[in-house]
Amino acid sequence: MKRLRRDLGFHRIAIVLSGGGALGAYEVGTLKVLEALAVVPSLVAGVSIGAINAAVWVAHGRRAAALEAAWHRMRASTIGLRWVTLALRWMGAGLFVIGVTEIVITLAGSRELSGSYWLWRKNSARLDVASTILDATAWLVAAALGIMTLVLSRPLEDWLARAGPPTDPSRLHRRAGAVLLAMFLVHTAVWVFGWPWPHRFSASALLVTLVFWLANRPGRGGHWLRTTLFALMPETGGRGLWGSRARRRVIEDLVKRGRPERLVNGETRLVVSALAIDSGRVCHFVNWSDASGTFETRVNRELGEVVALRTPEDVITATVASSAIPGVFEPVPVGGRNFVDAGGFSNQPLHIAIADDADAVLTVLLSPSDRPSLAPGDESLFQLGGRLLELANWRDLQTELRHLPEGWSRTGDPARVCVVEPDLPLPGGVLSFDPETAPELIARGEHDTWRALERAGWLEEDPGPS
């Protein structure tokens, strides 16, 4: 049995919980250890999933049971990552586009609807066969061109790069307009006179070319069309794949099971960090209103800003904003401004704890800090994205550690900085919320926290009852 050293000497210990999506279950193991040791932190700071864990932990009086139970049943759909909904919305949008397209093609590409069809009906069978053969041939050629484009895309890209700078966009747009006009005149002529022609292919090509030409047109018309096309993205009007309602509901339910007033009563200082889209600064939402000028000056020096929150609802909104992964979730408005997850910019804000005059910090990382090498063949888009995020977090941590005040380090007896981290990459991924993986992550978090505390010299043997 272990306990905190009686001569530890730290009176203002700050806890910093980093972001990492589904890997955040690892932090629950740390919070269980802190509860067992009866650690009363002066400040708890969190980013992204770390902000959610921090807010719920504080609302429950620094007890981790509710968080642990929630993680044991947490799935991707619980926080709004509903792939079925995404597929259904895309299917609905696709059916709408296809339906409108087919209506236009039927009206503009069917010779049977042209005036000439009724003048030369006696030749309709022969002309229909000829037009059908031409349509099939045109689509076959288009398919072959598509395959060639896929195969030769890299050589074509190299050739275009060597060809020099691109043509003036306005001139290119005028040329495209001339081509579009020529296509329209040809299609109209053959449609009126009823000549053999790949009517449906011609109408399809004309429609696609018209849409691209309009979308690239400067002015209100082009802007409206581009906005409309982006608005077909599911749920958030082109600002993300999913909204924030499900995530907010989870946080609200967990906070209400504790005591929401703990989020703002000053018993534990809470900092939730998010990125402000308008200013590019990392906004640190704090649950106290008397932030000193020295604190704000120190935060501003690190390209941050401080916003005080007054109600539990404000804290919950800030937590939702902090966990809005860009591109995955829509930005979250707070006080008329939009915010997203700041994990890629400041994932371990140790400087916030120091700015609040903490004399020691325990921070939790969700990936090893030794920058593991990329495994052979580990080159897919999502794996590369995860790797880049890991490197960004690693660089942020190194920057934080190198800017520590004199006397602050991970070494010493006791050390002022205690870093809890896994030896190896954690199982699962950022979006892999799985009740079967959560217990392992929590257990590893507990194990690594005990080991980190012992390595930092914060523990001693508990003699037990006398």
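Everything quoted here is computed from the prediction, not taken from an experiment.

Novice: Would you mind going over the pattern of salt bridges with me for this structure?
Specialist: Here the idea is simple: oppositely charged side chains can pair when their charged atoms come close. Considering all chains together, one arrives at 19 salt bridges under this definition. In this structure, Asp413 and Arg5 form a salt bridge, with 2.7 Å as the shortest nitrogen-oxygen distance. Highlighted residues: Asp413 in the loop between α15 (381–402) and β12 (417–420) and Arg5 in the loop between β1 (2–4) and β2 (13–17), separated in sequence by 408 residues. Across the pair Arg259 and Glu261 runs a salt bridge, and its minimum N-O distance is 2.8 Å. Here Arg259 falls in the partly exposed class, since its relative accessible area comes to 41%. A network of salt bridges, in which partner residues are shared, links Lys2, Glu454 and Glu461.

Novice: Mind showing me how you'd approach helix α2 (residues 49–59) here?
Specialist: One turn of an α-helix holds 3.6 residues; hence residues three or four places apart share an orientation. α2 sits mainly inside the fold: 11 of its 11 residues count as buried. For α2, the complete set of buried residues consists of Ile49, Gly50, Ala51, Ile52, Asn53, Ala54, Ala55, Val56, Trp57, Val58 and Ala59. Positioned one or two residues after α2, Gly61 has a phi angle of 65°, which is positive.

Novice: Is there a simple way to explain the environment of Gly24 in this structure?
Specialist: Residue placement: Gly24 occurs in the loop between β2 and α1 (25–36). Sequence separation between Gly24 and Leu365 is 341 residues, and the spatial gap between their C-alpha atoms is 9.3 Å. Sequence-distant contacts of Gly24, that is, excluding residues within four places in its chain, are made with Ile49, Asn53, Trp71 and Leu366.

Novice: Help me out: how do you make sense of the packing of aromatic side chains in this one?
Specialist: Scanning the model with the defined rule gives four aromatic pairs in all. A centroid spacing of 5.2 Å and a plane angle of 70° characterise the contact between Phe285 and Phe339, whose relative ring orientation is edge-to-face. With Phe285 in strand β6 (residues 282–286) and Phe339 in strand β10 (residues 337–340), this residue pair connects regions lying 54 residues apart in the sequence. Taking relative accessible area as the criterion, Phe285 reaches 2% and is therefore assigned buried. Sitting above the plane of the Phe329 ring, Arg247 keeps its charged end 4.2 Å from the centroid. It is Arg269 that lies over the ring of Trp288; its NZ or CZ is 4.3 Å from the centre.

Novice: What should I look at first to understand the confidence of the model for the chain in this one?
Specialist: The predicted coordinates of low-pLDDT regions are not to be read in fine detail. When the pLDDT values of the chain are averaged, the result is 83; 80% of them are 70 or greater. Throughout residues 373–377 the model reports pLDDT below 50, and contacts reaching past four residues in sequence, or to other chains, amount to three contacts.

Novice: So what exactly am I meant to see when it comes to a nonpolar patch on the surface here?
Specialist: A cluster of nonpolar residues, Val141, Leu145, Ile147, Met148, Val151, Leu152 and Leu156, forms a patch on the protein surface that exposes about 650 Å² of accessible area. It is helix α6 (residues 124–151) that provides the largest number of residues to the nonpolar patch, a total of five residues. The residue Leu145 is located in helix α6 in this model.

Novice: Help me out: how do you make sense of the pairing of strand β11 (residues 360–364) in this one?
Specialist: Each regular strand displays side chains that alternate between the two surfaces of the sheet. Of all the five residues making up β11, five are buried; the element is thus mostly covered by neighbouring parts of the structure. Here β2 pairs with β11 via five bridges, running parallel. Looking at β11, one finds that Ile13 is bridged to Ala360. As paired elements, β11 and β12 share four bridges and run parallel to each other. Bridging from a neighbouring strand, Leu362 pairs with Cys418 of β12.

Novice: How do you make sense of the nonpolar core when you look at a structure like this?
Specialist: The nonpolar side chains of soluble globular proteins are, as a tendency, buried together. Trp71, Leu270, Phe285, Leu362 and Trp458 are the most contacted members of the largest nonpolar core, which has 75 residues in total. Here Leu270 is in contact with Val44, Ala54, Ala55, Val58, Leu263, Phe285, Val286, Asn287, Trp288 and Val315, once residues within four sequence places are set aside. Residues Leu350, Ala358, Val361 and Trp408 belong to the second largest nonpolar core, which totals 24 residues.

Cut-offs applied
- Per chain, residues are indexed from 1 in the order of the written sequence.
- Only residues with pLDDT of 70 or above have their local features reported here, since the model is predicted, and side-chain atom pairs are shown and tallied only from 80 upward, although totals for entire chains, interfaces and linings are computed over all residues.
- Where side-chain values are given, they derive from all heavy atoms of the structure, hydrogens and water being excluded.
- Should a side-chain nitrogen of Lys or Arg be within 4 Å of a carboxyl oxygen of Asp or Glu, the pair is scored as a salt bridge.
- For helices the rule is a DSSP run of H or I covering at least 4 residues; for strands it is a run of E covering at least 2, with both sets numbered from the N terminus onward.
- Between buried and exposed lies partly exposed: a residue is buried under 20% and exposed over 50% of the maximum accessible area for its type, with that area taken using a 1.4 Å probe on protein chains only.
- In this description, contact between two residues means that some pair of their heavy atoms is separated by no more than 4.5 Å.
- The rule is short: rings of Phe, Tyr and Trp, with Trp giving its six-membered ring, pair when the centres are within 6.5 Å, and they are stacked under 30 degrees, edge-to-face over 60, tilted in between.
- Two conditions define a charge sitting above a ring: the NZ of Lys or the CZ of Arg must be within 6 Å of the ring centre, and it must be within 35 degrees of the ring normal.
- The quantity called pLDDT is the predictor's confidence in a given residue, expressed from 0 to 100.
- Within this analysis, patches are made of residues with over 30% relative accessible area and no salt bridge. Like charges are joined at 9 Å or less; nonpolar side chains (Val, Leu, Ile, Met, Phe, Trp, Tyr) at 5 Å or less.
- In these tables, accessible area is a Shrake-Rupley quantity obtained with a 1.4 Å probe, and a residue counts as shielded only by the protein chains included in the view.
- We treat two strands as partners when DSSP finds at least two bridges between them.
- Among buried residues, those of type Ala, Val, Leu, Ile, Met, Phe, Trp, Tyr and Cys that are joined through side-chain atoms within 4.5 Å constitute a nonpolar core.

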